[in-house]
Amino acid sequence: MCNPLPPAAYQDPATAGAPEPGNSRQKAFPPAPEPLPVPVMDNHTHLDFPDGQAPVGVKAALDAAAAVGVQGAVQVGCDLESSRFTVRAVDLDERLLGAVALHPNDAPRYAARGQLEEALAEIEQLASHPRIRAIGETGLDFYRTEGEGLVHQRYSFRRHIDIAKRLDLTLQIHDRDAHDDVVQVLREEGAPGRVVFHCFSGDDELARICNEEGWWMSFAGTLTFRNAANLRRALAVADPGLVLVETDAPFLTPHPHRGRPNATYMVPYTVRAMAELTESDLAEMCARISENTVRAYGSWD
């Protein structure tokens, strides 16, 4: 785990140094945004994924988030190591809930080593922790996996759906270039009672399907990108009661800091964009997101 740093390690714009030689990416964390008027939660972050110029610990990350009106987060596992980290992290700070799973692109790797069944069994065991509220991120990824790997990916997805249903946990979906197939598998298996499309990447057509099925759509910093017309169309038709927000930190940093490290304290940039695009009152948007997140994952108390 990372060594804790003071929240100023995130918030001080003076830490923004020049890019490393040969690397055009600036690795300093962006300055803190203006605080939100009503607190919200980041429903998908990876606190164990290092980025930026220095490591930041769980408490420091959540302190920085709280300072701008992000009162909690869902820490998400992608393999056994990060899922084990997630279980440890939710015991460290009550502002965290957790999700555990094998990422769709990792499932074929476990299968290739003959370890997929063993890994799935451990995921189910880790999911028994009372502050683990979701199975995820799981789903389908046709961007990075192809061929025989897709067989294992589909099998793993179906097994995760089964675990979520038997343990009555929320299912957190990773869907990359696989919208139709994800929907098909969910309908064939029978979706759990609570489904979240993490980092929603579809368009208004998928948003309408989510409306019909009662599946939550979680918008990330990608909504603020210039080339994200599909996401803006989706948000325009999304049922307001099914809309969530996330960072997917340290990835997908919102405009105007795209390309720099992301973190949970950056949520306000995306929430403000959501309010502007839907011509909603910011405080009302925040309150709605907070209510939706508690319905999706349960109380943080």
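Structural data are supplied above this passage.
Definitions and limits used
Residues numbered from 1 in each chain as written. Predicted model: local features only at pLDDT ≥ 70, side-chain atom pairs only at ≥ 80, totals over all residues. Heavy atoms only, no water. Helix = DSSP H or I, 4+ residues; strand = E, 2+ residues; numbered from the N terminus. Expected span 1.5 Å × (residues − 1). Buried < 20%, exposed > 50% of the residue type's maximum accessible area, 1.4 Å probe, protein only. Arc of directions from axis to C-beta. Contact = heavy atoms within 4.5 Å. Phe/Tyr/Trp six-rings, centres within 6.5 Å; stacked < 30°, edge-to-face > 60°. Lys NZ or Arg CZ within 6 Å of the ring centre and 35° of its normal.

Observations regarding helix α6 (residues 148-167)
What sets the pattern is the α-helix's 3.6 residues per turn: residues three or four places apart point alike. Between the first and last C-alpha of α6 there are 29 Å, a value that for 20 residues agrees with the 28 Å anticipated at 1.5 Å per step. G149, L150, Q153, S156, F157, H160, I161, I163 and A164 are the residues of α6 that are buried. Take α6 and look down its axis: the buried residues cluster within an arc of 160°, on one side only. Lining the buried residues of α6 we find α4 (107-112), α5 (116-126), β4 (132-141), β5 (170-176) and α7 (179-189). A positive phi of about 55° marks D168, the residue just after α6.

A closer look at unusual backbone geometry
A cis amide bond links G136 to the next residue, E137, at an omega of 10°. For E137, the position within the fold is in strand β4. Phi is positive for D168, which is not a glycine, with a value near 55°. Relative to the helices and strands, D168 resides in the loop between α6 and β5.

Examining the packing of aromatic side chains
One pass over the full model with this rule turns up four aromatic pairs. Measuring from centroid to centroid gives 5.5 Å for F200 and F219, while their planes differ by 45°, and the two rings are tilted. You can see F200 sitting in the loop between β6 (195-197) and α8 (204-213) and its partner F219 sitting in strand β7 (residues 216-219), a full 19 residues away along the chain. Judged by relative accessible area, F200 falls into the buried class, the value being 1%. You can call F219 buried: its relative accessible area is 0%. Members of the aromatic cluster, connected to one another through ring pairs, are F197, F200, W215 and F219. Positioned above the aromatic ring of Y110, the side-chain terminus of R113 is 4.8 Å from the ring centre. One cation-aromatic arrangement involves R258 over F225; the distance from NZ or CZ to the ring centre is 3.7 Å.

A look at helix α9 (residues 229-237)
For α9, the set of buried residues is L231, A234 and L235. What you see down the axis of α9 is that its buried residues fit within an arc of 100°, all on one side. On its buried face, α9 sits against α8, β7, β8 (243-245) and α10 (267-277).

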